[in-house]
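Chain by chain, the residues:
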Amino acid sequence: MLKQNLVLIGNGMAGVRTLEELLKLNSDLYNITVFGEEPYGNYNRIMLSPVLASEKTVEEIMLNDEQWYIDNNITLHKGKRVTEIQRGNQQVVTDCGIRVPYDRLIIATGSTPFMLPLPGADKEGVIGFRDIKDVNTMMDATKNFKKAVVIGGGLLGLEAANGLMKQGMDVSVVHLGDSLMDRQLDEPASEMLRLSLEERGMKFLMKHSSSEVLGDERVTGLRFNDDTEVEADLLVMAVGIKPNFELAKSAGLYCERGIVVNDTMQSYDPKIYAVGECVQHRGIAYGLVAPLWDQAKVCANHLACYGIARYEGTVTSTKLKVTGIELFSAGDFVGNESTEEIVFKDEASGTYKKIVLEDDKIKGAVMYGDTVDGSWYFQM
């Protein structure tokens, strides 16, 4: 049987996981070509923080090295950016003129870090925290500079701050709100986290709104709306991510907050699928790993011509380890006037648990320090 051509744009976790699932189901259907903008195989982006903290090497976070592509007869184009999808001709075109035809196309372009549009944000030493290049830039900075500022008190910002501290830098975290990780933790858990991190040497500037990046060619500091300033030789913006769907949009695919897909992960062009953080499904764009894995399975099932599986969304929970501290949250852990709360707090042991109940059912949970029961509560 003549093989069809399958092209994957994006060599990240979601896209390559789709290929892994497809190869399990049927490894003989397609000639597979992969385009990735980075000069690496497929690596675990979640593990960039341990690389920054010198707890792991880049080699240790590789999920699929180059030999894997060779072993599975997959053509990998590293460091190549697809600039055009020609839907009429059914081919993709790269920035260096490579043209590859497709019968089926997967777009897995992921997301990009949101960079605050501050005056001076284009200065040297101002970066995001999204890929190996960013980690290398930060590691280089630690050899020559001492003061780092991280904008963003979410998971990514705290992990970046911890890694820079472990490299010997004096680190301040700037956060617009008054609670760290406010999407994953309630106020008591957030306060325990802040106190614990302060004991380790991390500094915090809470309820601070940034107005300008200071310096000539390189950043020297950050000014706030109240005209106060903080020194900085390195400024890391970790304020969130946004789905990267510009390529799909330029090809005329329907996009809203991401590439709009149906329950089989197909775009409005049935020959083009999309998975991962670039996708919007039933109005939701996901940034966690579990939904990406679910999407990959469904997409692979459909590409393998089974066409049975449907993606109906993912109920998410978050289990994290921030600088060695265990955290868990799921559902509505804030509650309202119609809910009840069961709270356990032991500051001496650094443990906090809250279960939110409504009509005798668990509606949400948040845990700090001891999360061993988290998955049980999530199932409940």
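Here the structure is shown first, and the text comes after it.
What comes next concerns the included structure. (Residues numbered from 1 in each chain as written. Predicted model: local features only at pLDDT ≥ 70, side-chain atom pairs only at ≥ 80, totals over all residues. Heavy atoms only, no water.)

### Here we look at the overall build of the protein
Per the secondary structure count, the protein includes nine helices and 27 strands. On C-alpha atoms alone, the protein measures out to a radius of gyration of 22 Å, which is about the 21 Å that the 2.2 N^0.38 rule sets for 380 residues. Projected onto its principal axes, the C-alpha coordinates of the protein cover approximately 65 × 60 × 35 Å. Relative to its full complement of 380 residues, the protein shows a buried share of 50%. When contacts within the protein are restricted to residue pairs at least 6 apart in sequence, long-range pairs at least 24 apart make up 61% of them. (Helix = DSSP H or I, 4+ residues; strand = E, 2+ residues; numbered from the N terminus. Rg over C-alpha atoms; globule rule 2.2 N^0.38 Å. Buried < 20%, exposed > 50% of the residue type's maximum accessible area, 1.4 Å probe, protein only. Contact = heavy atoms within 4.5 Å.)

### Focus: the environment of V82
Its location among the elements puts V82 in strand β6 (residues 82-86). V82 gets classed as buried once you look at its relative accessible area, which sits at 8%. Sequence separation between V82 and W68 is 14 residues; the distance between their C-alpha atoms is 22 Å. In contact with V82, other than residues within four places in its own chain, are I9, F35, V92, V93, T94 and L247.

### Section: unusual backbone geometry
With a phi angle near 70 degrees, C305 is a residue other than glycine that sits in the positive phi range. Here C305 is to be found in the loop between α8 (289-303) and β23 (317-322). For D360, which is not a glycine, the phi torsion comes out positive at approximately 65 degrees. Positionally, D360 belongs in the loop between β26 (351-358) and β27 (361-368).

### Considerations on the pattern of salt bridges
Pairing between side chains of opposite charge can happen when their charged atoms approach one another. For the coordinates displayed, the defined rule picks out 23 salt bridges. Here E21 ties to R17 by a salt bridge, and the two come within 3.5 Å at their closest N and O atoms. Of the two residues, E21 and R17 both sit in helix α1 (residues 13-25), four residues apart, roughly one turn of that helix. Between D263 and R282 there is a salt bridge, with the nearest N and O atoms lying 2.6 Å from each other. Note that D263 is positioned in the loop between β20 (259-261) and β21 (272-274) and R282 in the loop between β22 (279-281) and α8, a separation of 19 residues in sequence. (Salt bridge = Lys/Arg side-chain N within 4 Å of Asp/Glu carboxyl O.)

### What about a nonpolar patch on the surface?
On the surface, L25, Y306 and I308 cluster together into a nonpolar patch covering about 310 Å² of accessible area. Locating I308 in the fold gives a position in the loop between α8 and β23. (Patch = residues over 30% accessible without salt bridge, like charges linked within 9 Å, V, L, I, M, F, W, Y side chains within 5 Å. Areas by Shrake-Rupley, 256 points an atom, 1.4 Å probe, with all protein chains shown as cover.)

### Some details on the sheet that holds strand β13 (residues 170-175)
Pairing within the open sheet is parallel, and its five strands lie in the order β11-β18-β12-β13-β14. Edge strands, defined here as strands with exactly one partner in the open sheet, are β11 (126-127) and β14 (203-206). (Pairing = 2+ DSSP bridges.)

### As for the sheet that holds strand β8 (residues 99-101)
Reading across from one edge, β6-β7-β8 is the order of the three strands in this open sheet, with antiparallel pairing throughout. Only two strands of the sheet have a single partner each, and these edge strands are β6 and β8. With direction set aside, neighbouring strand axes in the sheet form an average angle of 20 degrees. Summarising the sheet, strand β7 (residues 91-94) and β8 pair through three bridges and their orientation is antiparallel. In the sheet register, Q91 faces β8, and the bridge partner there is P101. (Axes fitted to C-alpha atoms, helices over the stretch in contact; angles between N-to-C directions.)

### Focus: the pairing of β6
The side chains of a regular strand alternate, residue by residue, between the two faces of the sheet. Across four bridges, the pairing between β6 and β7 is antiparallel. Paired with Q86 across the two strands is Q91, which belongs to β7. The hairpin turn running from β6 into β7, its antiparallel successor, is four residues long, and Q90 in that turn takes a positive phi close to 55 degrees.

### A word on α8
Taking 1.5 Å per residue, 15 residues should reach 21 Å; α8 reaches 21 Å between its end C-alpha atoms and fits that length. Residues of α8 that are buried include every one of P291, L292, Q295, A296, V298, C299, A300, N301 and L303, and no others. Next to the buried residues of α8 lie β1 (4-9), α1, β2 (30-36), β9 (104-107), β21 and β22. Where α8 ends, the next residue or the one after it, C305, has phi of about 70 degrees, a positive value. (Expected span 1.5 Å × (residues − 1).)

### Details of the packing of aromatic side chains
Counted under the stated rule, the structure contains five aromatic pairs. With a centroid separation of 5.0 Å and an interplanar angle of 85 degrees, the aromatic rings of W68 and Y69 are classed as edge-to-face. With respect to class, W68 is no different from Y69; both count as buried. Centroid distance W376 to Y377: 5.1 Å. Interplanar angle 70 degrees. Geometry classified as edge-to-face. Given a relative accessible area of 47%, W376 falls into the partly exposed group. Judged by relative accessible area, Y377 falls into the partly exposed class, the value being 21%. The positively charged end of R17 is found above the aromatic ring belonging to W293, 4.2 Å away from the centroid. (Phe/Tyr/Trp six-rings, centres within 6.5 Å; stacked < 30°, edge-to-face > 60°. Lys NZ or Arg CZ within 6 Å of the ring centre and 35° of its normal.)

### A closer look at the packing of α1 against α8
Two numbers describe how α1 lies on α8: the axes approach to 8 Å, and their chain directions differ by 40 degrees. Between α1 and α8, the angle is such that the two are oblique. For α1 against α8, the interelement crossing comes out right-handed. Contact residues: α1 offers M13, A14, R17, T18, E21, L22 and L25, while α8 offers V289, L292, W293, A296, K297, C299, A300, N301 and L303. For the contact of α1 with α8, the residue count by class is 11 nonpolar, two polar and three charged. (Parallel < 35°, antiparallel > 145°, perpendicular 65-115°, else oblique. Left-handed = near helix turned anticlockwise from the far one by under 90°. Nonpolar A, V, L, I, M, F, W, Y, C, P; charged D, E, K, R; others polar.)

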